[in-house]
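Residue-level structural notes
What follows is the residue order along each chain.
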Amino acid sequence: MAQNPERRAALVNAAIEVLAREGARGLTFRAVDVEASVPKGTASNYFASRDDLFDQVGKRIHERMGPDPSVVEESGRKPQNLELAIEYMQGLFGRITRDRTGYLALQELRLEAVRRPELRTTLTRTISENLERDIGFHLESGLPGDRSTVLMLYLAMNALIVEHLTLPGVLDGVDTERLVADLVTRAVATPDARVRNRPRTPGPTAS
């Protein structure tokens, strides 16, 4: 297999564009060659199979969506409090919505994974590893909240981003920056506060 790292990266990025625009069925080696403006047969020289291409696309999408290491380093010197947790989530929302193509390609990968067991295995592993890394970062940095906090934010942010990038009219007029702040604030409420605010189940009434 060809080993030019720059050419491989360009092909994977081209594949992301094709996947987001045409879906999994449109992601062929020929389509990648055309998108990358390279000679016919180039992509097939770099990837052993379409499964290999799908796998590389999934990894590259997560690299593109990751935070700038210098920003993370700078944030690490700030107080690890609610305000910083909100800043992290607002930054995440901004990064992903700016890379709309990458996120839509990821959703196409998720759908294709339902039909392709090998892709489901590799995509599950990639996303699970990233989630565990985020949980570990949150806990080790001393940010408010626990493992459940990160899981709730992961699920809430995914739903918000999908809505914003696919059907933005549903949230027309919503201040997404403020909404993210509200999500984080409620998610990091102390366990005691969550218990106090939990709806009480009515007990039996006297007859």
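Residues numbered from 1 in each chain as written. Predicted model: local features only at pLDDT ≥ 70, side-chain atom pairs only at ≥ 80, totals over all residues. Heavy atoms only, no water.

**Quick word on the layout of surface pockets**
The volume enclosed by the largest pocket comes to roughly 1,000 Å³. Lining the largest pocket are 36 residues; nearest its centre among them are P67, M89, L92, R95 and D134. Of all the secondary structure elements, the ones that give two or more residues to the lining of the largest pocket are α4 (50-65), α5 (69-75), α6 (82-98), α7 (100-115), α8 (117-141) and α9 (147-166). For the lining of the largest pocket, the element with the highest residue contribution is α6, accounting for 9 residues. Of the residues in the lining of the largest pocket, the class split is 21 nonpolar, 8 polar and 7 charged. (1 Å grid on protein atoms, 1.4 Å probe; cavity = no way out; pocket = protein on both sides within 12 Å on 5 of 7 lines; lining within 4 Å. Points joined across faces, edges and corners; volume = space filled by probe spheres on them. Helix = DSSP H or I, 4+ residues; strand = E, 2+ residues; numbered from the N terminus. Nonpolar A, V, L, I, M, F, W, Y, C, P; charged D, E, K, R; others polar.)

**Considering the pattern of salt bridges**
Inspection of the entire model under this criterion finds 13 salt bridges. One salt bridge in this structure joins E35 and R21, with 2.9 Å as the shortest N-O distance. In this pair, E35 is assigned in helix α2 (residues 29-36) and R21 in helix α1 (residues 5-22), connecting sequence segments 14 residues apart. Residue classification places E35 among the partly exposed positions, given a relative accessible area of 31%. In this structure, D182 engages R178 in a salt bridge whose closest nitrogen and oxygen atoms are separated by 3.3 Å. (Salt bridge = Lys/Arg side-chain N within 4 Å of Asp/Glu carboxyl O. Buried < 20%, exposed > 50% of the residue type's maximum accessible area, 1.4 Å probe, protein only.)

**A closer look at the environment of D182**
With respect to the helices and strands, the residue D182 is situated in helix α10 (residues 176-187). Accessibility expressed as a relative area gives 25% for D182, which makes it partly exposed.

**Notes on the packing of aromatic side chains**
For the structure on display, the rule yields 1 aromatic pair. Between Y88 and F137 the ring centres are 5.6 Å apart and the planes differ by 85 degrees, which places this aromatic pair in the edge-to-face class. Placement of Y88 in helix α6 and of F137 in helix α8 is noted, with a sequence separation of 49 residues between them. (Phe/Tyr/Trp six-rings, centres within 6.5 Å; stacked < 30°, edge-to-face > 60°.)

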